Amino acid sequence: MTMRQYFNYQNNQLVAEGVPLADIAEQYGTPCYVYSRAALTSGFQQFAEALKGHEHQICYAVKANPNLAILNVFARLGAGFDIVSGGELQRVLAAGGEARKVVFSGVGKSVAEMRMALEAGILCFNVESAPELDRLNEVAGSLGKVAAISLRVNPDVDAKTHPYISTGLKQNKFGVAYTEAVSLYCKAAALPNLRLTGMDCHIGSQLTETSPFIAAIEKVLVLVDALASMGIVLEHLDLGGGLGICYDKETPPAIADYVAALLGALKGRTQKLILEPGRVLVGNAGVLLTRVEYIKPGCEKNFAIVDAAMNDLMRPALYDAYHGILPVVQENHPVQNYEIVGPICETGDFIGHARELAVAPQSLLAVMSAGAYGMSMSSNYNTRPRACEVMVDGDKVHLIRARETVQQLFAGESIIA
Ligand SMILES: *Cc1c(COP(=O)(O)O)cnc(C)c1O
């Protein structure tokens, strides 16, 4: 069962687990993100099952969807977390996550963020540059602590994904250059307040083949062996996230097959394996509910203007990403070809192009596969309060984030004299 199948039709109604999405729209309004707890749980358990013969830590990448209720579901299943800011660390702790299972990635960690993470006692800093090594050494020293680190190595492999979400090529800003990694490990080994515990790579997002992951592992292992021969023995390998999902016609490997391929490429090495999956755990576990406001016939195109917009779901505008769009109730309207657009004053404000749909004003639509990088990339552009979020658990629905109010949006602003 793919996670998308936690949303299916029963008697012409799209249902999340046991709850008709139309009922959720009625109760909570639109736009509204809806997540399935069973789908979240299933994804995590597929990783845990596939990894159970090997020492491991699954660190959910918080930025994919940082809602506290989602973090809490994963924390209770034993997850660790991959964070990219101090704010995300505070979320993890507020959601009941354990600092000792947290890895901290990102190219621009501030002194304050390093302090916070050291004081919380995280598992590891994924260091991305030489100056970051020096800064972390200094900050750890000032606190009388030793920071556990891995270097994020840029293996210079092509992830064959959208250029904006490709991170493992040498022209990208991420990680340390492959050719400089060994000398940076030697530099780090000489810094008194750092402890070298691992090596890390993350080559991109929405990968639909295993071959780039395997290519990256092979390059990483060459470095691991070179370091071992110099007496620098690493305890863990962090292979990042990046496994893709099906939005349209993609055929990414199943979680079990992806993990099996990674373990195969490790060729019997026993280092603890850390993975940082984001999208694959939440993407197909969520939908965005929206209502048709207007049908606007045009000279060349028909528009269905809906109440969700690029501020709610930025992926189509940002990456020209495709999301399936399904009627929440299968109704008898004439089928037409529609541009599905939002109310924002930008031509880039679209949710989907050229969709054959039977809709009328007030019809509800479900934008599928919206659980990852949906709410987390949302904004208040056009002074639009952010959508509410709910989680379905069997036949129960829980509000996990209230719809924002306009008052909240300008609460921190002031008019000058
Ligand atoms: C974004 C990110 C991830 C998660 O990527 P997905 O494609 O969502 O799995 C993992 N690790 C790092 C360092 C990231 O920046």
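To be clear, the structure that these remarks concern was listed above.
What you are looking at is a predicted structure, and each value in this text was computed from that prediction instead of being measured. (Residues numbered from 1 in each chain as written. Predicted model: local features only at pLDDT ≥ 70, side-chain atom pairs only at ≥ 80, totals over all residues. Heavy atoms only, no water.)

## Details of the site of the ligand
Thinking step 1. In the vicinity of the ligand lie 14 residues, with Lys63, Ser205, Glu276, Arg279 and Tyr373 positioned nearest.
Thinking step 2. Within the side chain of Ser205, a nitrogen or oxygen atom sits 2.3 Å from an oxygen atom of the ligand.
Thinking step 3. Isolated, the ligand exposes 380 Å² of accessible area, and the fraction of that covered by the protein chains is 94%.
Thinking step 4. With respect to the detected pockets, the ligand is housed in the largest pocket.
Thinking step 5. Its residues assigned to classes, the shell around the ligand comprises three nonpolar, six polar and five charged. (Near = heavy atom within 4 Å. Polar contact = N/O pair within 3.5 Å; in protein donor to acceptor, adjacent residues only side chain to side chain. Areas by Shrake-Rupley, 256 points an atom, 1.4 Å probe, with all protein chains shown as cover. 1 Å grid on protein atoms, 1.4 Å probe; cavity = no way out; pocket = protein on both sides within 12 Å on 5 of 7 lines; lining within 4 Å. Sits in = over half its atoms within 2 Å of the grid points. Nonpolar A, V, L, I, M, F, W, Y, C, P; charged D, E, K, R; others polar.)

## Focus on unusual backbone geometry
Thinking step 1. Cis peptide bonds are those with omega within 30 degrees of zero, and the linkage from Thr30 to Pro31 qualifies with -5 degrees.
Thinking step 2. By secondary structure assignment, the location of Pro31 is in the loop between helix H1 (21-28) and strand S4 (32-36).
Thinking step 3. Its identity as a non-glycine residue notwithstanding, Gln362 has a phi of 85 degrees, on the positive side.
Thinking step 4. As for its position among the elements, Gln362 is in the loop between strand S18 (350-358) and strand S19 (364-367).
Thinking step 5. Given a relative accessible area of 48%, Gln362 falls into the partly exposed group. (Helix = DSSP H or I, 4+ residues; strand = E, 2+ residues; numbered from the N terminus. Buried < 20%, exposed > 50% of the residue type's maximum accessible area, 1.4 Å probe, protein only.)

## Focus: H1
Thinking step 1. Burial in H1 covers these residues: Leu21, Ala22, Ile24, Ala25 and Tyr28. Each buried residue of H1 lies within a common arc of 160 degrees when the element is viewed along its axis, so the set occupies one face. Turned more than 90 degrees off the buried face of H1, the exposed positions are Glu26 and Gln27.
Thinking step 2. Backbone geometry just downstream of H1 places Gly29 in the positive-phi region, at approximately 80 degrees. (Arc of directions from axis to C-beta.)

## Looking at the layout of surface pockets
Thinking step 1. Here the largest pocket defines a volume of roughly 610 Å³.
Thinking step 2. Contributing to the lining of the largest pocket are 32 residues, with Lys63, Val84, Thr167, Phe174 and His202 lying nearest its centre.
Thinking step 3. Of the residues belonging to the lining of the largest pocket, the class tally is twelve nonpolar, ten polar and ten charged.
Thinking step 4. In terms of domain composition, the lining of the largest pocket takes at least three residues from each of domain 1 (3-36 + 283-409) and domain 2 (105-277). (Points joined across faces, edges and corners; volume = space filled by probe spheres on them. Domains from an automatic or database assignment.)

## Re the packing of aromatic side chains
Thinking step 1. Tallied over the entire structure, the rule returns seven aromatic pairs.
Thinking step 2. One cation-aromatic arrangement involves Lys109 over Phe104; the distance from NZ or CZ to the ring centre is 5.5 Å.
Thinking step 3. Above the face of the Tyr178 ring, Lys219 is positioned so that its terminal group lies 4.7 Å from the ring centre. (Phe/Tyr/Trp six-rings, centres within 6.5 Å; stacked < 30°, edge-to-face > 60°. Lys NZ or Arg CZ within 6 Å of the ring centre and 35° of its normal.)

## A few points about the nonpolar core
Thinking step 1. Counting residues in hydrophobic clusters, the biggest one holds 122 residues, and the most contacted among them are Val34 and Phe125.
Thinking step 2. In terms of residue count, helix H8 (residues 211-229) provides more of this core than any other element does, nine residues in total.
Thinking step 3. Shared between two domains, this core takes at least three residues from each, and those domains are domain 1 (3-36 + 283-409) and domain 2 (105-277).
Thinking step 4. Among all residues touching Phe125, those that are not within four sequence positions of it are Phe104, Lys109, Met114, Ala117, Leu118, Leu136, Ala147, Ala148, Ile149 and Ser150. (Core = buried A, V, L, I, M, F, W, Y, C linked by side-chain atoms within 4.5 Å. Contact = heavy atoms within 4.5 Å.)

The analysis is restricted to geometry; functional conclusions fall outside its scope.
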